[in-house]
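Structural overview for review
Listed below, chain by chain, are the residues.
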Amino acid sequence: MTATFPAGDAAPVDIRLPQVMCTDIAPRLHLVAPVRHSVVATLRQWGAPEIADDMGLIVTELIVNAIHHGDPGSVSVILTIRNGDAVLEVEDDNGGRPAVRRTAEDDEGGRGLILVQALADRWGCRPGACGRKTVWASLPLPEAGSEDAS
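Residues numbered from 1 in each chain as written. Predicted model: local features only at pLDDT ≥ 70, side-chain atom pairs only at ≥ 80, totals over all residues. Heavy atoms only, no water.

**Focus: the overall build of the protein chain**
Quick reminder of the rule: Secondary structure follows DSSP: runs of H or I at least 4 residues long count as helices, runs of E at least 2 residues long count as strands, and numbering of each begins at the N terminus. Residue burial is assigned from relative accessible area. The probe radius is 1.4 Å, only protein chains are included, and a residue is buried under 20% of its type maximum, exposed over 50%, and partly exposed in between. Should any heavy atoms of two residues lie within 4.5 Å, those residues are considered in contact. Surface accessibility follows the Shrake-Rupley procedure with a 1.4 Å probe radius. Residue values consider only the protein chains on display as shielding.
Across its full length, the protein chain carries 3 helices and 7 strands. When the helices and strands of the protein chain are read in sequence order from the N terminus, they spell out β-β-β-α-α-β-β-α-β-β. Burial status across the protein chain gives 33% buried among its 150 residues. Sequence separation of 24 or more characterises 56% of the internal contacts of the protein chain that already satisfy a separation of 6 or more. With an accessible surface of roughly 9,200 Å², the protein chain has 52% of that area assigned to carbon and sulfur atoms.

**Examining the pattern of salt bridges**
As a reminder, the rule being used: The term salt bridge refers to a side-chain nitrogen of Lys or Arg lying within 4 Å of a carboxyl oxygen of Asp or Glu.
All chains considered together, the criterion is met by 7 salt bridges. Of the charged contacts in the structure, one is a salt bridge between R122 and D85, with a shortest N-O distance of 2.9 Å. Here R122 is found in strand 6 (residues 122–127), whereas its partner D85 is found in strand 5 (residues 85–92), with 37 residues between them in sequence. R122 gets classed as partly exposed once you look at its relative accessible area, which sits at 43%. The salt bridge involving R132 is made with D93; its shortest N-O contact spans 2.1 Å. With R132 in the loop between strand 6 and strand 7 (133–140) and D93 in the loop between strand 5 and helix 3 (112–119), the pair connects residues that are 39 residues apart, well separated along the chain. With relative accessibility at 15%, the residue R132 sits in the buried group. Linked by salt bridges that have partners in common, R82, E89 and R126 make up one network.

**Some points on the packing of helix 2 (residues 49–69) against helix 3**
Heads up, the rule is: To get an axis, fit a line to the C-alpha atoms, keeping to the stretch in contact for a helix; angles then go from 0 to 180 degrees between the N-to-C directions. Just so you know how the angles are binned, under 35 degrees is roughly parallel, over 145 roughly antiparallel, 65 to 115 roughly perpendicular, and the rest oblique. By the definition used in this description, the sense in which the near helix is turned from the far one sets the handedness, with an anticlockwise turn below a right angle giving left-handed and a clockwise turn giving right-handed. Basically, the charged four are Asp, Glu, Lys and Arg, the nonpolar ten are Ala, Val, Leu, Ile, Met, Phe, Trp, Tyr, Cys and Pro, and anything else, Gly included, counts as polar.
Across the interface, helix 2 lies against helix 3 with an axial gap of 9 Å and an inter-helix angle of 150°. With respect to their mutual orientation, helix 2 and helix 3 come out roughly antiparallel. Classified by chirality, the crossing of helix 3 by helix 2 is left-handed. Here D54, L57, I58, E61, L62 and N65 of helix 2 lie close against helix 3, whose contacting residues are G112, L113, L115, V116 and L119. Split by residue class, the contact of helix 2 with helix 3 holds 7 nonpolar, 2 polar and 2 charged.

**Some thoughts on the environment of T60**
So the rule is basically this: Each polar contact in these results corresponds to two N or O atoms within 3.5 Å; when the atoms are within protein, one needs to be able to donate a hydrogen and the other to accept it, and residues that are neighboring in sequence are counted only if both atoms are side-chain atoms.
Of note, T60 is situated in helix 2. T60 gets classed as buried once you look at its relative accessible area, which sits at 13%. Residues T60 and L29, spaced 31 residues apart in sequence, show a C-alpha to C-alpha distance of 9.7 Å. T60 has contacts with V32 and R36, leaving out every residue within four places of it along the chain. Engagement of the side chain of T60 in a polar contact is seen with the side chain of R36, the distance being 3.3 Å. In this structure the side chain of T60 is engaged in a polar contact, spanning 2.9 Å, whose partner is the backbone oxygen of G56.

The analysis is restricted to geometry; functional conclusions fall outside its scope.
In C-alpha cells form, the structure reads like this:
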C-alpha cells in the first residue's frame, strides 16, 4: 500500500502491513501436510516463491519433531516476515531442547534437525511460558530484482 500526501508534503511512503500466518494443530501426523501446504502457499502469496519449498520442508521437520519427541497438547506454527527474513516458529508443550543426532546410514529417522540445519540460514530454540518451547528457523528473503535474467 502506498500513502500519498498533498503537494508540498513528503514524498510517497511505502507502508507494509505485518505479514503473519498462525495456526494451532493437534499433535497428529496427518495434520502436518496441510500446514506445510499452507506455509508454501503463504510464502508464494507474499512474493517469496524462491524459499517456499525449503520452508515447507523445515516446517514439516519441526512439527514432526514436536509430535515425536514431545508430549504436545498442541503445536503452534507462526510464520512472519521480519527484517528481511521469513521466520518460522514451532511451539510445543515439551520444554526440552532439541538436539541434532548422529545417525547411522541405515537409520530410518533422526535426520530432521540435520535437514533444518542444512536448509535454514539460522535456527535455534528458546524456552516459552509454562514449560513450552519454541524452535525457530529463518530464511533470507530474496532481494527484489535478484532473479536470474537468463
